[in-house]
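If you want the building blocks of each chain, they are given just below.
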Amino acid sequence: MRVTIFKDYHELSVAGAGRIADRITRFQGKRPFVLGLPTGSTPLGIYRELIRRHREEHLSFSHVVTFNMDEYLGLSAGHPQSYHSFMWENFFSHIDIPASNVHILNGETRDPEGECGAYEEAIRAAGGIDLFLGGMGEDGHIAFNEPFSSFNSRTRVAILTADTRAVNARFFDGDINQVPRAALTVGVGTVMDAREVLIAASGRNKARALRGAVEGAVSHRCPLSCLQNHPRAAIICDEAAAAELEVGTVEYFRTLETAIREQAGGDACP
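Just so it is clear, the model here is predicted, and its values are computed rather than measured.

With 6 of its 6 residues buried, strand β10 (residues 233-238) lies for the most part within the structure. In terms of strand pairing, strand β1 (residues 2-6) meets β10 through 5 bridges, oriented parallel. Following the sheet pairing, Phe6 is matched in β10 by Asp238. The pairing of strand β9 (residues 197-201) with β10 spans 5 bridges and is parallel. Bridge assignment links Leu198 to a residue of β10, and that residue is Ala234. The handedness of the β9 to β10 crossover, carried by helix α7 (residues 207-215), is right-handed.

Moving on to the side chain of Glu120. In this structure, Glu120 sits in helix α4 (residues 112-125). Here Glu120 falls in the buried class, since its relative accessible area comes to 6%. For Glu120, the side chain forms a polar contact with the side chain of Arg154, separated by 3.2 Å. Once you skip the residues sitting within four places of it in the chain, Glu120 turns out to touch Arg154, Thr155 and Thr190.

The next subject is the packing of aromatic side chains. As enumerated under the stated definition, the model contains 11 aromatic pairs in all. Note on Tyr47 and Phe91: the rings are 4.6 Å apart at their centroids and 15° apart in plane angle, and the pair reads as stacked. Taken as a pair, Tyr47 in helix α2 (residues 44-57) and Phe91 in the loop between α3 (83-90) and β5 (102-103) lie far apart in primary sequence, 44 residues in all. A relative accessible area of 0% means that Tyr47 is categorised as buried. Their ring planes at 65° and their centres at 5.2 Å tell us that Trp88 and Phe92 sit as a pair that is edge-to-face. Overall, Trp88 belongs to the partly exposed group, its relative accessible area being 31%. Site record: aromatic cluster; members linked through ring pairs are Tyr47, Phe61, Trp88, Phe91 and Phe92.

Running from N to C, α2 and α3 cross one another at 40°; their axes reach a closest spacing of 10 Å. With respect to their mutual orientation, α2 and α3 come out oblique. Residues Leu44, Tyr47 and Ile51 of α2 pack against Phe86, Met87 and Asn90 of α3. Tallied by class, residues from the contact of α2 with α3 come to 5 nonpolar, 1 polar and no charged.

Let us now look at the state of the cysteines. Counted according to the given criterion, the structure contains 0 disulfides. As a non-bridged cysteine, Cys116 has Cys226 as the owner of its nearest cysteine sulfur, 19 Å distant. Cys116 gets classed as buried once you look at its relative accessible area, which sits at 2%. Of all cysteine sulfurs, the one in Cys226 lies closest to Cys222, which takes part in no disulfide; the gap is 8.5 Å. Among the residues examined, Cys222 registers a relative accessible area of 10% and is labelled buried.

Another point: the environment of Asn90. Its location among the elements puts Asn90 in helix α3. Asn90 gets classed as partly exposed once you look at its relative accessible area, which sits at 23%. Between the alpha carbons of Asn90 and Ile51 there is a distance of 9.3 Å; along the sequence they are 39 residues apart. If we skip the residues at most four places from it in the chain, Asn90 touches Leu44, Tyr47 and Ile51.

Parameters at a glance
Residues numbered from 1 in each chain as written. Predicted model: local features only at pLDDT ≥ 70, side-chain atom pairs only at ≥ 80, totals over all residues. Heavy atoms only, no water. Buried < 20%, exposed > 50% of the residue type's maximum accessible area, 1.4 Å probe, protein only. Helix = DSSP H or I, 4+ residues; strand = E, 2+ residues; numbered from the N terminus. Pairing = 2+ DSSP bridges. Right-handed = clockwise from strand over helix to strand, strands pointing away. Polar contact = N/O pair within 3.5 Å; in protein donor to acceptor, adjacent residues only side chain to side chain. Contact = heavy atoms within 4.5 Å. Phe/Tyr/Trp six-rings, centres within 6.5 Å; stacked < 30°, edge-to-face > 60°. Axes fitted to C-alpha atoms, helices over the stretch in contact; angles between N-to-C directions. Parallel < 35°, antiparallel > 145°, perpendicular 65-115°, else oblique. Nonpolar A, V, L, I, M, F, W, Y, C, P; charged D, E, K, R; others polar. Disulfide = S-S within 2.5 Å.

Next up, the structure:
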């Protein structure tokens, strides 16, 4: 696992977008580049920077296929708080990605299990996910894989904890009763199958989860700790999110980052 600590949210957002843009630009495969994407407040800065690069630096998404992590069960695609609406409002409508290349779970499905199985099959048919961008829940969850989710889990229906619903209530006029009680989500195993995983964490409220994911034992209690077993997992965070890491841990990763930059000739995206 690689951890890179940036001064603030802006710096980590620019770096995260740079990592993604680099992967897209370098990709020379005979198939599209397959990108897994999250919602939430943390990736917004990354999306804004990718949009800027598209508009000002001609970064193209025409050969990119996307799979989103999750969607609320019971919300229509047109609902203002659906993840369909979030992604089109904040990202997809501002870039040149074909609508047919966008995949988001259908929260209105009458057959949730069938929808989840079809989603996994669509990922396989696309050749697997090349890079999965994700956020970090305050309890260490990824997507809607709450603590004690199986590391072998695949796309499925997840019951949301009261804590997760309380955190997300800010998107529903502060009313937890408006927050759906279940969601469709990719599984921990789905994320771990990606060839590369990039997790973004910002703010003091993510510090305990980050400490558990990086310094704690691999445990179902902190789903993100699974990244310790991924061959190409990286976490980008700001100083606030890194506040509870041990001094030795911070020094180790900063020294490692310097060595990587020197070996790559200043390129921070090897």
